[in-house]
Amino acid sequence: MSEPIIELRNVGVAFNAQLRMGAPQFWALEDVNLVLPRGARMGVVGRNGAGKSTLLRVIAGILAPDRGRVRREGVSCQLLSLALGFVPYLSGRDNAILSGLMLGLRRREIERRLPAILDFSELGDFFEQPVSSYSTGMFMRLGFSVAMQVEPDVLLIDEVLSVGDTEFQKKSGDALRERIHNGTTVVFVSHMDAPIKQVCDCAVWIEHGRSVMQGPVDEVLAAYHAAAPAVDAIVAEAAQ
C-alpha cells in the first residue's frame, strides 16, 4: 500500500440544531477513522444522513473537526462543487472567472482557460449572458466545466455524475474517469453500487456518523448491504 497522505482519527463534527447559543448539538460525524493512501480511489458508502458529505468537507479542510485529528501530508484537496460562488446577475464568463478564483486559480490562469470552459460547457452565446437566464442544466454545465480546470492532489466527488442531460452526463463522466485514472487520489461518494465498483479500488462505510469498515470495495459493499435489514429495524424502533 502507498503511504497515507490523509488520516482521520476519531473525528467528530457537531452542529447546533438551531442557530442560537445553547441550542442542542447534532453530531453529523461522531467517530470516524480513515486512512487515504496516495493514488487510492476510495468510495464512501452509507445511508442518507450518515455523514458522507460532511466527511468530504472535513477532508477538504472546509470544516474543522470538533474533536479528533486530521493529518494531511502537504496535499491540495478539491471538493468538486458545482456553481461555487456563482452570482445571478453576472455573465457565465464573469462567473467562471469568479468561481475559478475561489477554487484557487490565478486570474491570468483562469482567463487562459476560458476557451476550454466555453468549449466543454457548450453554452455558445449564453456564455456572455447573466446566469439568471440559465436553465438548471446550463448552470450545472458551467459549474462542472470550471471545476474540471483545477488539478488537485486529492479530488473529492460528491454525487455529481448526474450533471445536465444524458449526453452531457456521459461527457462529464468520461472526463471524470480520465482524471481519476491519471493517478489523482480520489474520494467518491455515491448512493449507487455500480459507480463505486467502476471507479474505486477501496471503500469506507459510514453509519450514523461513525466509520464501520474500510477495505476492498466488494467486501465493504457486501457487509453494508448485509447489515441493512438490522439497521432499518433499529431506526424503526427508535422512531416509535
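Residues numbered from 1 in each chain as written. Predicted model: local features only at pLDDT ≥ 70, side-chain atom pairs only at ≥ 80, totals over all residues. Heavy atoms only, no water.

Caption draft 1: Molecular detail of the overall build of the chain. Helix and strand counts for the chain come out as eight helices and nine strands. Out of the 240 residues in the chain, the part that is buried amounts to 45%. If you take every contact in the chain between residues at least 6 apart in sequence, the share linking residues at least 24 apart comes to 67%. Of the roughly 12200 Å² that the chain leaves accessible, carbon and sulfur atoms contribute 52%. (Helix = DSSP H or I, 4+ residues; strand = E, 2+ residues; numbered from the N terminus. Buried < 20%, exposed > 50% of the residue type's maximum accessible area, 1.4 Å probe, protein only. Contact = heavy atoms within 4.5 Å. Areas by Shrake-Rupley, 256 points an atom, 1.4 Å probe, with all protein chains shown as cover.)

Caption draft 2: Focus on the packing of aromatic side chains. Inspection of the entire model under this criterion finds six aromatic pairs. Ring centres of Phe-144 and Phe-168 lie 6.3 Å apart, and the angle between their planes is 85°; this geometry places the pair in the edge-to-face category. Note that Phe-144 is positioned in helix 5 (residues 136–147) and Phe-168 in helix 6 (residues 166–180), a separation of 24 residues in sequence. Note on accessibility: Phe-144 and Phe-168 belong to one class, buried. Taking 5.7 Å as the distance between ring centres and 65° as the angle between the ring planes, the aromatic pair formed by Trp-205 and Tyr-224 counts as edge-to-face. With Trp-205 in strand 8 (residues 202–207) and Tyr-224 in helix 8 (residues 217–239), this pair connects stretches of sequence that are 19 residues apart. Over the face of the ring belonging to Trp-27 we find Arg-67, whose NZ or CZ atom lies 4.0 Å from the ring centre. Lys-171 extends its terminal NZ or CZ atom over the ring of Phe-120, reaching a point 4.5 Å from the ring centre. (Phe/Tyr/Trp six-rings, centres within 6.5 Å; stacked < 30°, edge-to-face > 60°. Lys NZ or Arg CZ within 6 Å of the ring centre and 35° of its normal.)

Caption draft 3: Helix 5, seen in detail. Along its twelve residues, helix 5 runs 17 Å from first to last C-alpha, staying within 8% of the 16 Å computed at 1.5 Å per residue. Every buried residue of helix 5 is listed here: Met-138, Arg-141, Leu-142, Gly-143, Phe-144, Ser-145, Val-146 and Ala-147. Looking at the buried positions of helix 5, the neighbouring elements they touch are strand 5 (77–80), helix 2 (92–102), helix 4 (114–121) and helix 6. (Expected span 1.5 Å × (residues − 1).)

Caption draft 4: Here's a closer look at the nonpolar core. One finds Ile-6, Leu-8, Leu-36 and Leu-55 to be the most contacted residues of the largest nonpolar core, which totals 26 residues. Listing elements by their share of this core, those giving two or more residues are strand 1 (4–16), strand 2 (25–37), strand 3 (41–45), helix 1 (52–60), strand 6 (154–158), strand 7 (185–189) and strand 8. Tallying contributions element by element places strand 1 first for this core, with five residues. Each residue touching Leu-55, except ones within four places of it in the same chain, is listed here: Leu-8, Leu-29, Val-32, Leu-34, Val-44 and Ile-206. Grouped together as the second largest cluster of nonpolar side chains are 24 residues, Val-45, Phe-144, Leu-155 and Ile-180 included. (Core = buried A, V, L, I, M, F, W, Y, C linked by side-chain atoms within 4.5 Å.)

Caption draft 5: Geometry of the side chain of Arg-179. The residue Arg-179 is located in helix 6 in this model. Notably, Arg-179 is buried but unbridged: the nearest opposite-charge side chain belongs to Glu-151, and the N-O separation is 5.0 Å. Separated by 2.5 Å, the side chain of Arg-179 and the backbone oxygen of Met-148 make a polar contact. Once residues within four sequence positions are removed from consideration, Arg-179 is found in contact with Met-148, Val-150, Glu-151, Pro-152, Leu-155 and Thr-184. (Lys, Arg positive; Asp, Glu negative; His and termini not counted. Salt bridge = Lys/Arg side-chain N within 4 Å of Asp/Glu carboxyl O. Polar contact = N/O pair within 3.5 Å; in protein donor to acceptor, adjacent residues only side chain to side chain.)

Caption draft 6: Representation of the environment of Val-189. For Val-189, the position within the fold is in strand 7. Sequence separation between Val-189 and Ser-53 is 136 residues; the distance between their C-alpha atoms is 7.7 Å.

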